[in-house]
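Below, each chain spelled out in residue letters.
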Amino acid sequence: MKCYLYDGSFEGIFCVAYHALKNKETPKIYSKTNYQPSFLLEHTEIDSNEQIFKKVKNALIKISAKTYNYLEIAFKSSNIEKDEVIFNCIIKTILSKQNELENFSNEHFFNLNKIVEAVKYEAHRFLGFIRFSKSEKGVFYACFEPDGDIIDLILNHFLKRFYAIPFVLHDINHGKLYACYKGKTQKFFNIYKKVKISDNYAKLFKTYYDTIFIKSRKNERQMLNYMPKRYHKNMPEKNELL
Amino acid sequence: MELEEKLKILTESAKYDVSCSSSGSNRKNRQGIGSGAHGGICHSFTKDGRCVSLLKILMTNVCCFDCLYCQSRRSNDIPRAIMTPTEICEITMEFYKRNYIEGLFLSSAVYKNANYTMELLLDTVVRLRKLYNFNGYIHLKGIPGADNLLIMRAGEYADRMSFNLELPSEQSLRLLAPQKSKKSILSPITMISGEKQADKSIKSKFLPAGQTTQIIVGASPERDGKILRLTSALYNKYELKRVYYSSYAPLNLNEDLLPKTPAGLLREHRLYQADWLLRFYGFSVEELVDENENLLMEYDPKCAWALKHQELFPIEINTAPVEMLVKVPGIGLKGAYKIISARRFGALSFEDLKNMKISLKRARHFITANGFYSGLKKEIEIKNSLLQIENESQIEQLSMFSNLENSLAVITGEL
Ligand code: SF4
């Protein structure tokens, strides 16, 4: 079986798709970053190329801009199959020359929808789960640890909501940080260490959280369904030390 | 008294109120702080699995009324507290800025008299909007019997207001909430609905998220059929956004006029399911239940309906109109959408439905795919199979419905 190697980037997947289409091949694709050589596979390395990426991107947008948008969102996912799904959806859309997003009985588009939904769902969850602490200087700082790289999907919401407040959003899983004030933003990369701030309101909110719970209807499993444990780390109401 | 202690008491008294939804308002933020989010946002989930969206507190639980079913009633000996408008504003703002909450759900016991209480509530929301420039969500519970003018003014500042019907009939109200009357509750509902209907523009600043109400189920003898007819009138005639059902829990045990047993979550759950069918699935209340009957406990209301109307089934999923697809047990709005989308690309088989993750557990008895039927043959077998599925899924579903509107996962909920 044929196999293509690429650099693991979003652009890279498009370039792989370009070569597969051109050579009329249906290869397996592997990111160089986690490829283990195998004797059974004959592999070709495909370099990323800005022009080729744009060519495929434009062709795709011409057919369906929404499809391209879905692929962009899917790439933010932490799902390890996302590259493969994106690759197959590019090929299928270009070959059929139509928007196939709603072709739910097709495996690839079904999976694409599933991945995009999951990314959007996580982003939506973090609109609620983000927690700010007020620093001594009056800056509101929030660190969070999402699975997907969703910071760009939630930034706008907070820019609008907290226009008048200086605030910082910090995704310590992906090392991305935005500092924002009055509509202006500054972006930083590769910052993985969280800032510790103690804020008296955290305790007050925990009191509120503990009080509204109706003991006779205890249902922790459902709580965990909606608010998985891995998200609790940065939520004061879940901090038993408070 | 410390703020934390007050917060505890006033939260404790407010927590049985079910409506936590913060959806339906799209307030824009101009230079201030806050905005509404149209779909509603859950900020946390309590250990009972409910969504925390708003800071839900009473201004005070000091009450001069004596409603039999209520914990805050005058004759109960419980810890009491009062928060000043400033205290409420401060705590709301500080919580909001930390993204703990979407806004405020403020309600109150009747302190001194209806007007006095309503004035304090009004004062609080005016301060929040004008002094603190707060653009977040405000749900204000109205005080029955307060002056119309106060109520209308509050409507200029709040996103949503609710006057709770409490009990489904005038008679029960007279018996169990002697200081309240049908008129004192229904007249503000009518007035608000009149004002909303007179100005339908989206820019209208008057209660952009409309009004809701709540009915206590099981404290009085009215059947589900009667309650749902009331609900249906509230949706159709008064254009209420939501009707909430609160299953009665015996809090005041030495009260002879009240039942000693709780109504149970299953009944509340069935009412929410039926309510859902009324609002989104095109069912009429007459199709679902007779006036003097309760909903069946064994099946969900859609299943019960389908079993009664077997002459309409099975339907062919490749050709059935969407109105029929959504009426198939086990196929929800989202499932129906997937089916009508996917069938444009080619005829669908059962295999395709499975790939699309449409659960056929219930549906298979009511559909064909390309003419094939894969359900059971005998009516009694179908019923037994559905009963079994219902029993298995019941534990999970229970109490989920009070959260429905707030969770993306279930916005598209399959029924
Ligand atoms: S008015 Fe009735 S329901 Fe409301 S707090 Fe007072 S006693 Fe309770």
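Now for a description of the structure that goes with this document.

Analysis parameters
- Residues numbered from 1 in each chain as written.
- Chains lettered and ligands numbered in written order.
- Predicted model: local features only at pLDDT ≥ 70, side-chain atom pairs only at ≥ 80, totals over all residues.
- Heavy atoms only, no water.
- Helix = DSSP H or I, 4+ residues; strand = E, 2+ residues; numbered from the N terminus.
- Buried < 20%, exposed > 50% of the residue type's maximum accessible area, 1.4 Å probe, protein only.
- Contact = heavy atoms within 4.5 Å.
- Areas by Shrake-Rupley, 256 points an atom, 1.4 Å probe, with all protein chains shown as cover.
- Lys, Arg positive; Asp, Glu negative; His and termini not counted.
- Charge placed at Lys NZ, Arg CZ, Asp CG, Glu CD.
- Buried area = accessible area lost by both parts, 1.4 Å probe.
- Salt bridge = Lys/Arg side-chain N within 4 Å of Asp/Glu carboxyl O.
- Polar contact = N/O pair within 3.5 Å; in protein donor to acceptor, adjacent residues only side chain to side chain.
- Nonpolar A, V, L, I, M, F, W, Y, C, P; charged D, E, K, R; others polar.
- Pairing = 2+ DSSP bridges.

### Observations concerning the overall build of chain A
Then comes step 1: Scanning chain A for helices and strands turns up 8 helices and 8 strands.
Then comes step 2: Expressed along its principal axes, the backbone C-alpha trace of chain A runs to roughly 65 × 45 × 35 Å.
Then comes step 3: Counting across all 242 residues of chain A, residues that qualify as buried make up 51%.
Then comes step 4: When contacts within chain A are restricted to residue pairs at least 6 apart in sequence, long-range pairs at least 24 apart make up 64% of them.
Then comes step 5: Of the roughly 12400 Å² of accessible surface on chain A, a fraction of 51% belongs to carbon and sulfur atoms.
Then comes step 6: Treating the 39 positive side-chain charges of chain A as one cloud and the 27 negative ones as another, the clouds have centres 6 Å apart.

### Describing the interface of chain B and chain A
Then comes step 1: The interface of chain B with chain A comprises 66 residues on the first partner and 57 residues on the second.
Then comes step 2: Buried surface at the junction of chain B and chain A, summed over both partners, amounts to about 5300 Å²; 60% is from carbon and sulfur atoms.
Then comes step 3: Summed over the shared surface of chain B and chain A, the number is 5 salt bridges.
Then comes step 4: Linking A:Asp199 and B:Arg98 is a salt bridge whose minimum nitrogen-to-oxygen distance equals 2.7 Å.
Then comes step 5: Taken together, the connections running from chain B to chain A amount to 26 residue pairs in polar contact (both at pLDDT 80 or more).
Then comes step 6: When residues of the side of chain B that touches chain A are traced back to their parent elements, those giving at least two are α1 (3-14), β1 (44-45), β3 (54-58), α2 (85-97), α8 (265-280), α12 (333-342), α13 (350-355) and α15 (408-411) of chain B.
Then comes step 7: Considering each element in turn, the side of chain B that touches chain A owes the most residues, 6 residues, to α1(B).
Then comes step 8: Of the residues that constitute the side of chain B that touches chain A, the class distribution is 28 nonpolar, 19 polar and 19 charged.

### Brief notes about the sheet that holds strand β4 (residues 133-134) of chain A
All names here are of chain A.
Then comes step 1: Spatially, β4-β5-β6-β7-β8 is the arrangement adopted by the 5 strands of the open sheet, whose pairing is mixed. The sheet is open, and its two edges are formed by β4 and β8 (184-188), each paired on a single side.
Then comes step 2: In this sheet, β8 lies alongside strand β7 (residues 176-181) in antiparallel orientation, the contact comprising 5 bridges. Residue pairing in the sheet places Tyr181 in a bridge with Lys184 of β8.

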